[in-house]
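# Commentary on secondary and tertiary structure
Each chain, written out:
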Amino acid sequence: MASRALTEDDIPGASLAGRSPATLKNEELRFWLKCRGDSLKGLKTKAQLVKRVEDYIKAGRDQNIVDPDPNSIYTKRKERNEASKDSNSAISGTQRQPNFPSDGWSTDLKRMPFFTRAEMNLHIAKSGKNIDSTSKSHSVPTGVRKATIFLNDEYLKDISTASDENFFYFKSHCYHSFRKNDAPHNLKVALCIVSGEVKHASCSCVAGTVGFCNHILALLMKICKFTLYECKNVNELDNEDDMQQKQACTSTLQQWHRKGRGDSINPQPAMEVLVTKTYLEETRSSARDPGVRCLLYEARKNIRRQQADEEKLLVTLKELNPKMAFDSKV
């Protein structure tokens, strides 16, 4: 089978999405270049990465997309999607609309189709939520970023699944983190059991009737994680942060009595301090680097304690004033 020609839409992260290369992280720039077949040889700094990306754009080579994965997973995914589209078009006349069952719900994921960020982006693209609405090549949705923020504030509960011969169904509740008295939102998602395409999505919130609200995006992100971790049951990710409500500081016991890190730090003269790096995660450029020391002159004289001189001083002071109180422990 001849290899399929890939586009930016086939590989999440392969598009600049209307952003300037200088605003991207080094990992994002490297992945963008790998999608163009660049070997990344000699690119050590961000300035070099940005310049290489700009050179590709100026030369018109930014649309020559190659599979960056050594196992060609993006090419295989496109072939699978095209094959599923052909099979779906053959049965489109007889396929019925999603019908959420009234019973038979469980937490089983064994029949769940392969669902990734690509299928999620395809669903969001239907809403018109594009970063750059004037460009056809930039289709990465801003709703994903909003859904990520939403997951940090609220959490999903009671995820249930069901399936029939054509669709795989999800339903869930999305509770509020702060408005405890409000009823949770009811979420419903139906996926094509063959291609994983979102066939139906709805939410009980004001903006969720058409299925493009942030609550639905949060559930789709959770479904992506089910695929990523090859989960067989929805409860396998119950310990994740987005499934556990974080307690506010006002809901926990006071911790003033606990000793902090300051009690474990011993005082040390500045003259003896050697600074080799400015923060803990930083790596030293060279083992021969002497570091930074204090260059002020040593103002302390006779640093070591002289026990004999101290005792002689005490005797002299007592002779001057016998009633003077001294601490014998010096």
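Report on the accompanying structure. The structure presented is a predicted model; accordingly, all values stated were derived computationally and were not measured.

Attention now goes to the pattern of salt bridges. When charged atoms on two side chains of opposite charge get close, those side chains can pair. The tally for this structure, following the rule as stated, stands at five salt bridges. Measuring nitrogen to oxygen at the nearest pair gives 2.8 Å for the salt bridge that ties Arg36 to Glu8. In this pair, Arg36 is assigned in the loop between α1 (26-34) and α2 (46-59) and Glu8 in the segment before α1, connecting sequence segments 28 residues apart. Both residues of the pair, Arg36 and Glu8, belong to the buried class. The salt bridge involving Asp55 is made with Lys51; its shortest N-O contact spans 3.3 Å. Placement of both Asp55 and Lys51 in helix α2 is noted, with a separation of four residues, approximately one turn of the helix. Residue classification places Lys51 among the exposed residues on the basis of a relative accessible area of 52%.

The next thing to look at is the packing of helix α4 (residues 117-125) against helix α6 (residues 214-228). Working note: a packed helix pair is described by the angle between its axes plus the distance between those axes. Between α4 and α6, whose axes approach to 9 Å, the crossing angle comes to 160 degrees. It follows from the interaxial angle that α4 and α6 lie roughly antiparallel. Crossing of α4 over α6 shows right-handed handedness. Contacts between α4 and α6 involve Arg117, Met120, His123 and Ile124 from the former and Ile216, Leu217, Leu220, Met221 and Cys224 from the latter.

Parameters at a glance
- Residues numbered from 1 in each chain as written.
- Predicted model: local features only at pLDDT ≥ 70, side-chain atom pairs only at ≥ 80, totals over all residues.
- Heavy atoms only, no water.
- Salt bridge = Lys/Arg side-chain N within 4 Å of Asp/Glu carboxyl O.
- Helix = DSSP H or I, 4+ residues; strand = E, 2+ residues; numbered from the N terminus.
- Buried < 20%, exposed > 50% of the residue type's maximum accessible area, 1.4 Å probe, protein only.
- Axes fitted to C-alpha atoms, helices over the stretch in contact; angles between N-to-C directions.
- Parallel < 35°, antiparallel > 145°, perpendicular 65-115°, else oblique.
- Left-handed = near helix turned anticlockwise from the far one by under 90°.
- Contact = heavy atoms within 4.5 Å.

What is shown is where atoms sit, not what they do.
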